[in-house]
Each structure stands twice: as C-alpha cells, then as structure tokens.
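Each chain, written out:
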Amino acid sequence: MQPGTPPTVTPFLRTAAAYAWRLLVVGLLVYSLFAVLGRFHEIGVAVFLGLVITALLRPVADVVARGLPRPLAVALTLLGSIALVLGVLALVGEAVAGERTTLVREFREGVGRIEDWLERPPFRLAPDALSGVQSRIGQFLSSHRSTLLSEAMSGAGHLVAVLTTLALGLFSAVFFIHSGDRQWAWFQEQLPGAVRDRVGIGGRAAWRTFTGYTHGIVLVAAVNAVLVGVALWLLGVPLAVPLALLEFLAAFVPLIGSPIALAVAAVVALASQGPLVAGIVVALIVVIGQIEGHLLHPLVMSWAVRLHPLVVAISVIAGSIAAGIVGAVVAVPLVSVVWSVHTALRAARG
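Reading the values: the criteria
Residues numbered from 1 in each chain as written. Predicted model: local features only at pLDDT ≥ 70, side-chain atom pairs only at ≥ 80, totals over all residues. Heavy atoms only, no water. Helix = DSSP H or I, 4+ residues; strand = E, 2+ residues; numbered from the N terminus. Buried < 20%, exposed > 50% of the residue type's maximum accessible area, 1.4 Å probe, protein only. Contact = heavy atoms within 4.5 Å. Areas by Shrake-Rupley, 256 points an atom, 1.4 Å probe, with all protein chains shown as cover. Polar contact = N/O pair within 3.5 Å; in protein donor to acceptor, adjacent residues only side chain to side chain. Expected span 1.5 Å × (residues − 1). Bend = angle between axes of the 7 residues up to and from the residue. Axes fitted to C-alpha atoms, helices over the stretch in contact; angles between N-to-C directions. Parallel < 35°, antiparallel > 145°, perpendicular 65-115°, else oblique. Left-handed = near helix turned anticlockwise from the far one by under 90°. Nonpolar A, V, L, I, M, F, W, Y, C, P; charged D, E, K, R; others polar. Patch = residues over 30% accessible without salt bridge, like charges linked within 9 Å, V, L, I, M, F, W, Y side chains within 5 Å. Salt bridge = Lys/Arg side-chain N within 4 Å of Asp/Glu carboxyl O. pLDDT = per-residue confidence, 0-100. Core = buried A, V, L, I, M, F, W, Y, C linked by side-chain atoms within 4.5 Å. Phe/Tyr/Trp six-rings, centres within 6.5 Å; stacked < 30°, edge-to-face > 60°.

A.B. asks: Which parts of the structure should I look at to understand the overall build of the protein chain?
C.D. replies: A count of helices and strands for the protein chain gives eleven helices and zero strands. Reading the helices (α) and strands (β) of the protein chain from amino to carboxyl end gives α-α-α-α-α-α-α-α-α-α-α. Within the span of the protein chain, comprising 350 residues, buried residues form 28% of the whole. The long-range fraction of contacts in the protein chain, counting pairs at least 24 apart against all pairs at least 6 apart in sequence, stands at 69%. Just so you have it, the protein chain exposes about 22100 Å², and 74% of that area is on carbon and sulfur atoms.

And the structure:
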C-alpha cells in the first residue's frame, strides 16, 4: 500500500462490522427492556397473567355473550372460573385434612422402614446416622429461630405483593376480555401509518401463537395431572389429589417441571409405601416424560410454534436465571411469540 492510499477493508470485514454494531444496538435495547421489566416486574407479571386469563376465558365469554349482554357475560365467566378454582383448592384442602392422621402415622412408620433399609446392604449406614441428622436439624432450627421468624415476616410481605399482582392481573383480564380488540385498534391508530400494517400483522401472529400455546400447555398439564393422580391412587400413595395438582402446576415449566413434581411424589411414596412403590413412581417419571415429549406436545402444540427441545431448554434456564420461577414460566411463550412475529413479518415482506 502506497503512502496516502486509504486502507482497504475486505467485504467480509465490512459486512461483519455492519452486523456487529446492529447486534450491539439490539442487545442494548433488549437489556434495557429487561431492566425496565425487572424494575416493574410485578406489573409485567400482572399483565402476563391477565393475558393468560384472557386467552383461556375469552372464547367462553364470546359464547356466553351470544345470549347475554357483553358485560354480564364477562362477569359470569370470571365469577364461574373463580368459583371453579376455589372449589378445586377446597377439594385439595379437604383431601389433605382427611388424610392427615393416617399420613402422619404412615410417614413415621415409613421413616423407620427407610432407616432399616439403609442400614442393610449395600448401604450399611450407621444406625445413629439419621438420628444424628435429625438432632442437628433441630439444633439449627433452635439456634436460628430469630432469623427464621424474620424470614417468615418478610414472607408475609411477599404474600401481599403476590395477592396484589393477582388482583391486578384479574382486573386487567376483565378489560382484555370485554374490549381487548378495541384497545388494540386504538393502540394501532396511535402509530405512524408506515408501520401500522406491520404492527397489525405481528400483533395477530403474536396473539394467535400465545393463545395456542396457552391452550396447549393447559391441556398438556391437565392430561399429566390426570395420569399422575390415577397412577398414584392405584398405587395407594397418599395425597394423590394434591400431588396431581402439583403436577398440573409444574407442567407449566417445560422439561423440568414435571420431573420435579414427580420426584416429590416419589419421596412421598418412599416414606409411605416403601422402595418398591417409589421405584414404580420413578419409572412413572420416565413414562410420562416420554408421553409428554413425543405425543402430547407434538399433537397439542401443532397450532402454536413448535420449538426445538434445545431451544426450550435454553429458554427455560435463561428465564429462570433472569427472573426465577416466573422467568421459567414466561420464557417459552415469549420465545414462541417472538419467533412467530418474525416469521409472519418475513412472510409479509415476501
């Protein structure tokens, strides 16, 4: 290169630099968005909960509104759903209260059986090992009583925050179900005309994917809960109904939720029925995982975006790191919505 000649840049380096600064801008925007959501995460969770309730109850409200005024149809749908949820919780509470005495006795006998089992080959655990663990746990609780009480008081504050978030989510769902389409039309009218059509296409794709995912995951969770409840009842494991409800809630965290819930069921089975039934429950974890992964998800999620299991796993882990349990629940539908919007916009450009 002669003096005074400007340096030449290869096309590859020029293209890489162009993509690099754009990726930096996108990364900064995403980071800013998550920082704002983290600062006001209660509002974000409440709006997300309102959208979930809307996706589930909007079709029911539309059917009821064919014979009743729209406000009355929305009120009846929400009140009926709340009554159904409270009824299920009352059923679970009654089942726990009814089995409490028997459960305590079985757990005491089961702990003794587990100790005898661990003392025999191949484990050969010392006879006083578990009793030493129990005494150390008791000493820890007694020495950290003040800390545990303060944590309990802070937990009461968290409970108030959770109830407030639930109330705001239900309040948002009322307006989303009643007039969500008019709210979306008003939002589109505030945008510049050049982007209005693209926002409309992306919004329709996002809502279609979100409702499809919500309906699908609820159906998958319900099927898993029924299978788990029936299997535990046939095996004679106590608390079959509460454990089935735990499985239903855990299924909203893909890939890892169901195994964790069934692991809890295996511990209950081990303490109450012994190693053989616990082993059957562990085998149940594998069977239900295969049914969920190879049958339910491909069939039920066909109307939503089907993501690769690796993408689902990375999304769940990233969401849990960013926002705990809430992030693990929100991550997969968020990624599905973003991908469906990208696909719809790309198809519109083509």
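Picking up after the structure, the text goes on.
A.B. asks: What is the right way to look at the side chain of Ser 336 in this model?
C.D. replies: Mapping Ser 336 onto the fold places it in helix H11 (residues 309-349). At 2.9 Å, the side chain of Ser 336 forms a polar contact with the backbone oxygen of Val 332.

A.B. asks: Help me understand H11, please; the structure alone is not making it clear to me.
C.D. replies: For an α-helix the count is 3.6 residues per turn, leaving residues at separations of three or four pointing the same way. The terminal C-alpha atoms of H11, which comprises 41 residues, lie only 29 Å apart, well short of the 60 Å expected from a rise of 1.5 Å per residue. If you look at H11, its biggest bend is around 145°, right at Ala 323.

A.B. asks: Which parts of the structure should I look at to understand the packing of helix H7 (residues 193-235) against helix H8 (residues 240-250)?
C.D. replies: Axis angle and axis distance: for two packed helices, these are the angle between their axes and the distance between the axes, and together they describe the pair. One way to put it is that H7 packs onto H8 with a least axis distance of 8 Å and a crossing angle of 155°. Here H8 runs roughly antiparallel to H7, going by the angle between their axes. Between H7 and H8 lies a crossing of right-handed hand. Of the residues in H8, those in contact with Val 218, Ala 221, Ala 222, Asn 224, Ala 225, Val 228, Gly 229, Leu 232 and Trp 233 of H7 are Ala 240, Leu 243, Ala 244, Glu 247 and Phe 248. Taken together, the residues of the contact of H7 with H8 break down into eleven nonpolar, two polar and one charged.

A.B. asks: Whenever I open this one, a nonpolar patch on the surface confuses me. Can you help?
C.D. replies: On the surface, a cluster of nonpolar side chains totalling about 630 Å² of accessible area is made up of Val 36, Phe 40, Ile 43, Val 47, Leu 168, Phe 171 and Phe 175. Taken together, the elements giving at least two residues each to the nonpolar patch come down to helix H2 (41-64) and helix H6 (145-189). For the nonpolar patch, the element with the most residues is H6, which contributes three residues. In this fold, Phe 40 is placed in the loop between helix H1 (11-39) and H2.

A.B. asks: Can you walk me through the environment of Leu 78 in this structure?
C.D. replies: Mapped onto the secondary structure, Leu 78 falls in helix H3 (residues 70-98). Taking the relative accessible area as the measure of exposure, Leu 78 reaches 8% and is therefore buried. When the C-alpha atoms of Leu 78 and Leu 170 are compared, they prove to be 8.7 Å apart, with 92 residues separating the residues in sequence. Residues in contact with Leu 78, not counting those within four places in the same chain, are Ile 53, Leu 57, Leu 170, Val 174 and Ile 177.

A.B. asks: Explain the confidence of the model for the protein chain to me, please; I cannot follow it from the model alone.
C.D. replies: One rule of thumb: low pLDDT means the predicted coordinates there are not for detailed reading. Per-residue pLDDT for the protein chain has a mean of 79; in total, 76% of the residues score no lower than 70. Mean pLDDT values for the elements of the protein chain range from 57 in helix H5 (residues 129-143) up to 90 in H2.

A.B. asks: In this structure, what is going on with the nonpolar core? I would like to understand it.
C.D. replies: Nonpolar side chains in soluble globular proteins generally cluster together in the buried interior. Counting 18 residues, the largest nonpolar core has Leu 232, Val 237, Leu 243, Ala 269 and Val 281 as its most contacted members. Within the residue set of this core, elements represented by two or more residues are H7, H8, helix H9 (257-273) and helix H10 (275-300). Ranked by residue count, the leading element in this core is H10, at six residues. Residue contacts for Leu 232: discarding those within four places in its chain leaves Val 237, Ala 240, Leu 243, Ala 265 and Val 281.

A.B. asks: How do you make sense of the packing of aromatic side chains when you look at a structure like this?
C.D. replies: This model, assessed by the stated rule, comprises five aromatic pairs. Here the aromatic rings of Phe 171 and Phe 175 are separated by 5.0 Å at their centres, their planes lie at 75°, and the arrangement is edge-to-face. One end of the pair is Phe 171 and the other is Phe 175, both in helix H6 and four residues apart, which spans about a single turn. Judged by its relative accessible area of 52%, Phe 171 falls in the exposed class. Note on Phe 175: relative accessible area 41%, which makes it partly exposed. Between Phe 248 and Phe 252 the ring centres are 5.5 Å apart and the planes differ by 80°, which places this aromatic pair in the edge-to-face class. Of the residues examined, Phe 248 reaches a relative accessible area of 22% and is grouped as partly exposed. Three or more aromatic residues link up through ring pairs in this structure, and these residues are Phe 48, Trp 207 and Phe 210.

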